[in-house]
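What the coordinates show
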Amino acid sequence: MTIATWNGRELARSDDTIIVEGNHYFPPESIDRQYFEGSDTHTMCGWKGKASYYTVAVDGTANADAAWYYPEPLAAAENIKNYVAFWHGVEVSEG
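Anyway, here's the lowdown on the structure attached to this text. (Residues numbered from 1 in each chain as written. Predicted model: local features only at pLDDT ≥ 70, side-chain atom pairs only at ≥ 80, totals over all residues. Heavy atoms only, no water.)

Some details on the overall build of the chain
- On a plain count of helices and strands, the chain comes out with zero helices and nine strands.
- Listing each helix as α and each strand as β along the chain from the N terminus yields β-β-β-β-β-β-β-β-β.
- Scaling as 2.2 N^0.38, a compact globule of 95 residues should have a C-alpha radius of gyration of about 12 Å, and the chain matches this with 12 Å.
- Taking the principal axes of its C-alpha atoms as reference, the chain extends roughly 35 × 30 × 20 Å.
- The proportion of buried residues among the 95 residues of the chain is 46%. (Helix = DSSP H or I, 4+ residues; strand = E, 2+ residues; numbered from the N terminus. Rg over C-alpha atoms; globule rule 2.2 N^0.38 Å. Buried < 20%, exposed > 50% of the residue type's maximum accessible area, 1.4 Å probe, protein only.)

Describing the nonpolar core
- With 17 residues, the main nonpolar core has Leu11, Phe36, Val56, Val84 and Phe86 as its most contacted residues.
- Where this core is concerned, the elements lending two or more residues are strand S1 (2-6), strand S2 (9-14), strand S6 (49-58), strand S7 (61-69) and strand S8 (84-86).
- With residues up to four places along the chain from it excluded, the contact list for Val84 reads His24, Tyr25, Phe26, Ile31, Phe36, Tyr54, Ala67, Trp68 and Tyr69.
- Counting residues in hydrophobic clusters, the runner-up holds eleven residues, among them Tyr25, Ala51, Ile80 and Tyr83. (Core = buried A, V, L, I, M, F, W, Y, C linked by side-chain atoms within 4.5 Å. Contact = heavy atoms within 4.5 Å.)

What about the side chain of Ser39?
- With respect to the helices, strands and loops of the structure, Ser39 is situated in strand S5 (residues 36-45).
- A polar contact is formed between the side chain of Ser39 and the backbone nitrogen of Thr41, at a distance of 3.1 Å.
- If near-sequence neighbours (up to four positions away) are discounted, Ser39 is found in contact with Tyr53, Tyr54, Thr55 and Asp65. (Polar contact = N/O pair within 3.5 Å; in protein donor to acceptor, adjacent residues only side chain to side chain.)

Quick word on the pattern of salt bridges
- If you walk through the whole model with that rule in mind, you get three salt bridges.
- Between Arg9 and Asp59 there is a salt bridge whose closest N-O contact spans 3.1 Å. With Arg9 in strand S2 and Asp59 in the loop between S6 and S7, the pair connects residues that are 50 residues apart, well separated along the chain.
- In this structure Asp59 comes out as exposed when scored by relative accessible area, which is 58%.
- Where Glu21 meets Lys48, a salt bridge forms, and the shortest distance between an N and an O atom there is 2.6 Å. (Salt bridge = Lys/Arg side-chain N within 4 Å of Asp/Glu carboxyl O.)

Concerning the packing of aromatic side chains
- Applying the stated criterion across every chain, the model contains six aromatic pairs.
- Geometrically, the ring pair formed by Phe36 and Tyr54 is edge-to-face, given 5.4 Å between the ring centres and 80° between the ring planes. Here Phe36 is found in strand S5, whereas its partner Tyr54 is found in strand S6, with 18 residues between them in sequence.
- Exposure remark for Tyr54: the relative accessible area of 14% places this residue in the buried category.
- Consider the rings of Trp68 and Trp87, whose centres lie 5.7 Å apart with planes at 75°: the pair is edge-to-face. Here Trp68, found in strand S7, pairs with Trp87, found in the loop between S8 and strand S9 (91-94); they are 19 residues apart in sequence, far enough to count as distant.
- A relative accessible area of 8% places Trp68 in the buried class.
- On the accessibility criterion, Trp87 (40% relative accessible area) is partly exposed.
- Through pairs of rings, three or more aromatic residues link up here, namely Phe26, Phe36, Tyr54, Tyr69 and Phe86. (Phe/Tyr/Trp six-rings, centres within 6.5 Å; stacked < 30°, edge-to-face > 60°.)

Now the structure itself:
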């Protein structure tokens, strides 16, 4: 089981994450949507495509762009379409 937590709250939990470049990508149905807000931020990856971001918000504290996903990945990354990965202090642990 892999769990993502931030600011004392569980953001996601799954035994079906996909590890890409050292990051756990969580299936979209495994995230607790109450902690996610849309963001206008986008970045490009040469082989995965255009990433979109979420701001994680817990108890009135926001962690801007702390989660990302690929809504329309390039063919090489099709297996992580809409899967969510984390950074900016979000703790991802296996247990």
